[in-house]
2 protein chains.
Amino acid sequence: MANPRADRVRDVAKLAQRSARARRGLFLAEGPQAVREALKLGPRVVAEVYASEACLERYPELGSLARATGALRLANDDVLAAMADTVNPQGILAVCRQLDTPLGDVLARSPRLLAVLCRVQDPGNAGTILRAADAAGADAVVLTDGSVDIYNPKAVRSTAGSIFHVPVVVGADVDELAREARAAGLGILAADGYGTVDLDTLQDESAARRLGATQLGMAQDGAPSSASPGPALEGPTAWLFGNEAQGLSDDELALADARVAVPVYGEAESLNVGTAATVCLYASARSQRRSG
Amino acid sequence: MANPRADRVRDVAKLAQRSARARRGLFLAEGPQAVREALKLGPRVVAEVYASEACLERYPELGSLARATGALRLANDDVLAAMADTVNPQGILAVCRQLDTPLGDVLARSPRLLAVLCRVQDPGNAGTILRAADAAGADAVVLTDGSVDIYNPKAVRSTAGSIFHVPVVVGADVDELAREARAAGLGILAADGYGTVDLDTLQDESAARRLGATQLGMAQDGAPSSASPGPALEGPTAWLFGNEAQGLSDDELALADARVAVPVYGEAESLNVGTAATVCLYASARSQRRSG
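A brief look at the structure comes next. Everything numeric here is computed off the predicted structure, so don't read it as measured data.

### Some points on the pattern of salt bridges
Turning to step 1, where the next piece is worked out: Here the structure, examined in full by the defined rule, presents 24 salt bridges over all chains.
Turning to step 2, where the next piece is worked out: Here Arg286 of chain A ties to Asp204 of chain B by a salt bridge, and the two come within 3.0 Å at their closest N and O atoms. With Arg286 of chain A in helix H13 (residues 273–291) and Asp204 of chain B in helix H11 (residues 199–211), the pair connects residues from two separate chains.
Turning to step 3, where the next piece is worked out: A salt bridge links Arg182 of chain B to Asp257 of chain B; the nearest nitrogen and oxygen atoms lie 2.8 Å apart. Of the two residues, Arg182 of chain B is situated in helix H10 (residues 174–183) and Asp257 of chain B in the loop between helix H12 (250–254) and strand E11 (258–261); the sequence distance between them amounts to 75 residues.
Turning to step 4, where the next piece is worked out: By relative accessible area, which is 38% here, Arg182 of chain B ends up partly exposed.
Turning to step 5, where the next piece is worked out: Each of Asp200 and Asp204 of chain A together with Arg286 and Arg290 of chain B takes part in salt bridges that share partners, so that together they form one network.

Right, here's the structure in full:
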């Protein structure tokens, strides 16, 4: 393809718009890393691949994967630039089928760790949290109704390919989510800067349960300590993370078993939602894996 | 002030450029939160404050703080928009004096936790890490030569005021930094996805030292275990974090006592540098505070 004004080019470029993505059920993956992760999922996910010859020469295995789909079309740099959301799509992009999963399917697989984004607005934040959730081994990421579109090109870029690894639930109703997650055996924790339960304390309690209370000196007489005020971090958990400016709403907070604050040791007034999510998800992952 | 084309307005707006910031030793803090944190440091930091009447009415304590500096000038929204880097500076901005600290001053205060950004390029990443470092109680953030300018307006915004809390060292030579930090008693850890030491293992070892090896069942005969392969996470530590695309260079890695990998439990290929920094700094903070 050589004509950046062709209809097909315009159709791809329109995927930068939420309405076009929703109508067509497609989204854009740009650059070698994202396209490679998409191609690993095969034609179920990848509808079309556009690449320059230079790119395919530079990444021969990517070229093989792309050719195997039967959906590869060569394109020049002008065409790729016209299709892409980024200034420089690095010679390759894929039109992918949206791959969100119904909540019921996620819960049927007995998940141990869910990240729930409640009205998170910034595409970079949402994508970064999805990438961190992938790294922490989360079983799914849920975006509630009113959240940013995870298929936004900037969000997709921020996931660095993790959108093709972690099941994503979109448009969730937070009340329904809380009810069904609880019915599936998950505890619900709200990450809340004003929370009354400290994440460090939960980690200590989890370690104490693992080691036996006496070994931490919590019960001098050898009997297990009866003080266990916090929820069990090592148990299956859905974490709720809130909007960047407002945090979680009162209604959202009311759905949780506990409001958990990430400790702030310095003078920072609050944490970026991505930072808070990272600390919470890694704390859960560590407690779960050390207790498994 | 009512004329958005006045020389003074243009001078402020030019602080969006690195060269103007460097020449004048100034930078911009935009919005009520950042300006409030700046004002708490007083005229040593705040050179000028521009605010709309509406903003001062909305935040009366901010108005009092601003008036107390003697550097407050009323400005209309057109002037503020012309001065600001953001589309919407929320009615207030401050011209601040750059407040970086010499490395020697930081090291003279016996720091326990430093975050060193080695050629980190994205202003949002740098600012977010500074904010996370503040939250984790780090004693300073060091940016090596070749890093993004921390006084970039987007970086300053991403710190959410933390740039006024945490001492910042800029333009550091990484070899000199490593030598002087080591001489000041700090261990040097490199955050490296290919690292051979696992952060979880370091956390476990640190906990084991705290509790006594026998309590973790590491030494059946009651003698302390002699196996202590990793560096002590509870000791004073300077963490090196690398460039977004390339990570740490071989030369930078060679300066560290150990290359530490944040565990990836899922399929993510790598971690965003901000995510990795958050996990590392919080792991150190937790180990240090639990052992203190």
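### Notes on the sheet that holds strand E10 (residues 237–241) of chain B
All names here are of chain B.
Turning to step 1, where the next piece is worked out: Reading across the sheet, the seven strands line up as E7-E6-E5-E10-E8-E11-E9 and stay open at both edges, with parallel pairing between neighbours. Taken across any chain shown, the strands that pair with only one partner, and hence form the sheet edges, are strand E7 (168–172) and strand E9 (197–198).
Turning to step 2, where the next piece is worked out: Two elements, strand E8 (residues 187–191) and E10, share four bridges in a ladder whose sense is parallel. What sits directly across from Gly187, in E10, is Thr237.
Turning to step 3, where the next piece is worked out: In the packing of helix H8 (residues 123–135) onto the sheet, contacts are made with strand E5 (113–117), strand E6 (140–144) and E7, and the angle to E5 comes to roughly 175°.

### A look at the relation of the copies chain A and chain B
Turning to step 1, where the next piece is worked out: Of the two same-sequence chains, chain A is brought onto chain B (RMSD 0.0 Å, axial shift 0.0 Å) by a rotation of 180°. On this basis, the relationship between the two copies can be described by a two-fold rotation axis.
Turning to step 2, where the next piece is worked out: Mapped onto chain B, 100% of the interface residues of chain A are again interface residues, and the two copies thus contact each other with one and the same surface.

### Concerning the interface of chain A and chain B
Turning to step 1, where the next piece is worked out: Counting residues at the interface gives 37 residues for chain A and 37 residues for chain B.
Turning to step 2, where the next piece is worked out: For the chain A and chain B pair, buried surface summed over both sides reaches about 3,300 Å², with 49% attributable to carbon and sulfur atoms.
Turning to step 3, where the next piece is worked out: For Asp200 of chain B, the salt bridge identified is with Arg290 of chain A, shortest N-O distance 3.8 Å.
Turning to step 4, where the next piece is worked out: Between chain A and chain B we count 22 residue pairs in polar contact (both at pLDDT 80 or more) in total.
Turning to step 5, where the next piece is worked out: At the level of secondary structure, the elements contributing two or more residues to the side of chain A that touches chain B comprise helix H3 (32–40), helix H8 (123–135), helix H11 (199–211) and H13 of chain A.
Turning to step 6, where the next piece is worked out: Sort the elements by how many residues they give to the side of chain A that touches chain B and H13 of chain A lands first, with eight residues.

### Points about a negative patch on the surface
All names here are of chain A.
Turning to step 1, where the next piece is worked out: A surface patch of like charges, here negative, comprises Asp145, Asp173, Asp175, Glu176, Glu180, Asp250 and Asp251.
Turning to step 2, where the next piece is worked out: Within the residue set of the negative patch, elements represented by two or more residues are helix H10 (174–183) and helix H12 (250–254).
Turning to step 3, where the next piece is worked out: On the secondary structure map, Asp250 appears in helix H12.

### What to know about the packing of H11 of chain B against helix H13 (residues 273–291) of chain B
Residues and elements named next belong to chain B.
Turning to step 1, where the next piece is worked out: At a minimum axis separation of 10 Å, H11 and H13 run at an interaxial angle of 5°. Taken together, the axes of H11 and H13 lie roughly parallel to each other. Of H13, the residues touching H11 (which contributes Leu199, Gln203, Ser206 and Arg210) are Val279, Cys280, Ala283, Ser287, Arg290 and Ser291.
Turning to step 2, where the next piece is worked out: When grouped by side-chain class, the residues that make up the contact of H11 with H13 number four nonpolar, four polar and two charged.

Rules used in this analysis
- Residues numbered from 1 in each chain as written.
- Chains lettered and ligands numbered in written order.
- Predicted model: local features only at pLDDT ≥ 70, side-chain atom pairs only at ≥ 80, totals over all residues.
- Heavy atoms only, no water.
- Salt bridge = Lys/Arg side-chain N within 4 Å of Asp/Glu carboxyl O.
- Helix = DSSP H or I, 4+ residues; strand = E, 2+ residues; numbered from the N terminus.
- Buried < 20%, exposed > 50% of the residue type's maximum accessible area, 1.4 Å probe, protein only.
- Pairing = 2+ DSSP bridges.
- Contact = heavy atoms within 4.5 Å.
- Axes fitted to C-alpha atoms, helices over the stretch in contact; angles between N-to-C directions.
- Least-squares fit on C-alpha atoms with pLDDT ≥ 70 in both.
- Buried area = accessible area lost by both parts, 1.4 Å probe.
- Polar contact = N/O pair within 3.5 Å; in protein donor to acceptor, adjacent residues only side chain to side chain.
- Patch = residues over 30% accessible without salt bridge, like charges linked within 9 Å, V, L, I, M, F, W, Y side chains within 5 Å.
- Areas by Shrake-Rupley, 256 points an atom, 1.4 Å probe, with all protein chains shown as cover.
- Lys, Arg positive; Asp, Glu negative; His and termini not counted.
- Charge placed at Lys NZ, Arg CZ, Asp CG, Glu CD.
- Parallel < 35°, antiparallel > 145°, perpendicular 65-115°, else oblique.
- Nonpolar A, V, L, I, M, F, W, Y, C, P; charged D, E, K, R; others polar.

Any link to function would need more than the numbers given here.
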